[in-house]
Amino acid sequence: MLYKQIGEEVRNYIDQLTKPRGSLGRLEELAIEVAKMTGERFPRVTPPGVLVFAADHGIAKEGVSAYPQEVTAQMVLNFARGGAAINVFSKQIDATFAVVDVGVAVDIHEESVINEKVAYGTNNFAYEKAMTKEDAERAVQVGYRQGNRMIDSGIRCLIVGEMGIGNTTTASALLAAMSGRHVAELVGKGTGIHNEAVKHKRAVIERALMLHQPKASDPIDLLTKIGGLEIAAMAGAMIAAAERRIPILLDGFICTVAALVATRFDEDVVHYMIASHESVEPGHRIALQLLNKEPLVRLHMRLGEGSGAAVAFPIVNMAMAMLRMATFSSANVSTGSDHHE
């Protein structure tokens, strides 16, 4: 449960800071939200932690991505060697960084990659279930375990990222099942496919949903039939963060769909989430609406990896810094008429 009383105390305190009431807008609300999450009147969100899960998707065989499946493993190596956008952004915000192989289709021989491989990718859910129930449960537990491991290292805000060729198709299928919306409203270009390929992608998802009939309220059924191993792990990590009262800074479309899956396990997890940005993937706005979250920024991003959340993190950190302002009384500044209502 949230510390609502502490939230009210922080709201009252913010109203005493040397500024007109409400003049720092969303920063004020962010500080109150994080205080309620953490139970701290002067919360910290530093250091942040960036936890990237990687897995392959059998649905990639349907030609739904602009990139071949081997790019998943290649990008994991890029993460391990510090060459990806999320590496650069993580370094900029002084984040603890880890990449976890939860289901890449080949073995990754790199010491810095955490090996928690549940399976060598998922099955092609156009024709069969994506994974077994046991593998879905194991992948969630991987995320839960790795989330706790990172929190134990001292992080104060969790950013969960992903890498997996084909995962916008998986996320779109999951969102269609959970939202009941038409697939055409949700499916975009992902990594950059052309218009005819988008139509094909939509058709693949529609057929898969007809085949499997996943239960919208059952997260294990969703993951088993049309899910991804990294999406399951992301949900598990979010559950761990919520249990530990660590704010979760959501990234883009795939991360936000994983957040919706997490809320199917425990609806209270949503109270520990902050939406960092809104991507250009059309389903992202709908996913955010289902979570009742307003993004901090809109930068037309569509990369994934946790990159949008890392870029938005300084805004959250600035909201915490705001609480160190002087009050009217401590600074001997006269209050305005907005403080005498």
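Residues numbered from 1 in each chain as written. Predicted model: local features only at pLDDT ≥ 70, side-chain atom pairs only at ≥ 80, totals over all residues. Heavy atoms only, no water.

Draft legend 1. Broad picture of the pattern of salt bridges. One pass over the full model with this rule turns up 17 salt bridges. Of the charged contacts in the structure, one is a salt bridge between Arg-156 and Glu-40, with a shortest N-O distance of 2.9 Å. Residue Arg-156 is located in the loop between helix H5 (133–152) and strand S4 (157–163), and its partner Glu-40 is located in the loop between helix H2 (26–38) and strand S1 (48–55); the two are separated by 116 residues in the primary sequence. Among the residues examined, Glu-40 registers a relative accessible area of 28% and is labelled partly exposed. The partner of Asp-221 in a salt bridge is Lys-225, with the nearest N and O atoms 3.2 Å apart. In this pair, Asp-221 and Lys-225 are both assigned in helix H9 (residues 219–226), 4 residues apart and thus about one turn of the helix distant. Each member of the pair Asp-221 and Lys-225 is classed as buried. Each of Glu-278, Arg-285, Glu-294 and Arg-298 takes part in salt bridges that share partners, so that together they form one network. (Salt bridge = Lys/Arg side-chain N within 4 Å of Asp/Glu carboxyl O. Helix = DSSP H or I, 4+ residues; strand = E, 2+ residues; numbered from the N terminus. Buried < 20%, exposed > 50% of the residue type's maximum accessible area, 1.4 Å probe, protein only.)

Draft legend 2. Molecular detail of the UniProt feature "active site" (unreviewed entry) in the chain. The UniProt record marks Glu-305 with the feature "active site" (unreviewed entry), using the residue numbering of this structure. Here Glu-305 is to be found in the loop between helix H12 (282–291) and helix H13 (307–322). Using a relative accessible area of 4% as the deciding quantity, one classes Glu-305 as buried. In contact with Glu-305, other than residues within four places in its own chain, are Val-52, Met-75, Phe-79, Ala-84, Ala-85, Ile-86, Gly-161, Glu-162 and Asp-251. Here Ile-86 takes part through its backbone nitrogen, which lies 3.2 Å from a polar atom of the side chain of Glu-305. (UniProt positions renumbered as here; feature names shortened; annotations may be inferred. Contact = heavy atoms within 4.5 Å. Polar contact = N/O pair within 3.5 Å; in protein donor to acceptor, adjacent residues only side chain to side chain.)

Draft legend 3. A look at the domain arrangement of the chain. We note that the domain assignment places domain 1 (4–43 + 322–331) and domain 2 (48–316) within the chain. On the side of domain 2, 12 residues touch domain 1, which itself brings 8 residues to the contact. Taking both partners together, domain 1 and domain 2 bury about 830 Å²; carbon and sulfur atoms supply 63% of that area. Summed over the three residues of domain 1 that lose the most area to domain 2, namely Arg-26, Leu-30 and Met-37, the buried surface amounts to 65% of that side. Counting the contacts that link domain 1 with domain 2 gives 1 salt bridge. At the junction of domain 1 with domain 2, the criterion picks out 3 residue pairs in polar contact (both at pLDDT 80 or more). (Domains from an automatic or database assignment. Buried area = accessible area lost by both parts, 1.4 Å probe.)

Draft legend 4. Up close: the nonpolar core. Counting residues in hydrophobic clusters, the biggest one holds 120 residues, and the most contacted among them are Phe-53, Val-102, Leu-158, Met-238 and Met-273. With 11 residues, the top contributor of residues to this core is helix H10 (residues 229–243). Counting the residues that make up this core, at least three belong to each of domain 1 (4–43 + 322–331) and domain 2 (48–316). (Core = buried A, V, L, I, M, F, W, Y, C linked by side-chain atoms within 4.5 Å.)

Draft legend 5. Structural context of the pairing of S1. Counted residue by residue, S1 has 8 buried out of 8 residues, so it is predominantly covered. Of the two faces of S1, the one holding Pro-48, Val-50, Val-52 and Ala-54 and the one holding Gly-49, Leu-51, Phe-53 and Ala-55 are both buried throughout. Pairing between S1 and strand S2 (residues 96–103): 7 bridges, direction parallel. Across the sheet, the residue bridging to Leu-51 is Ala-98, located in S2. (Pairing = 2+ DSSP bridges.)

Draft legend 6. Region of the structure containing the packing of aromatic side chains. Summed over the entire model, instances satisfying the criterion amount to 1 aromatic pair. Between Tyr-13 and Phe-42, the aromatic rings sit 5.4 Å apart at their centres with planes inclined by 80°, giving edge-to-face as the arrangement. Separated by 29 residues along the polypeptide, Tyr-13 in helix H1 (residues 4–14) and Phe-42 in the loop between H2 and S1 bring together distant segments of the chain. (Phe/Tyr/Trp six-rings, centres within 6.5 Å; stacked < 30°, edge-to-face > 60°.)

Draft legend 7. Seen up close, helix H3 (residues 70–80). All of the buried residues in H3 are Val-71, Thr-72, Ala-73, Met-75, Val-76 and Phe-79. Where the residues of H3 are buried, they touch S1, helix H4 (85–92), S2, strand S3 (113–115) and S4. Positive phi shows up at Gly-82, right after H3, with a value of about 85°.

Draft legend 8. Representation of H1. Taken as a whole, H1 has its buried residues at Ile-6, Gly-7, Val-10 and Ile-14. Buried positions in H1, seen along its axis, are confined to an arc of 105° and lie on one side of it. Residues of H1 that are exposed and point over 90 degrees away from its buried face: Lys-4 and Gln-5. At its buried positions, H1 is contacted by H2 and H13. (Arc of directions from axis to C-beta.)

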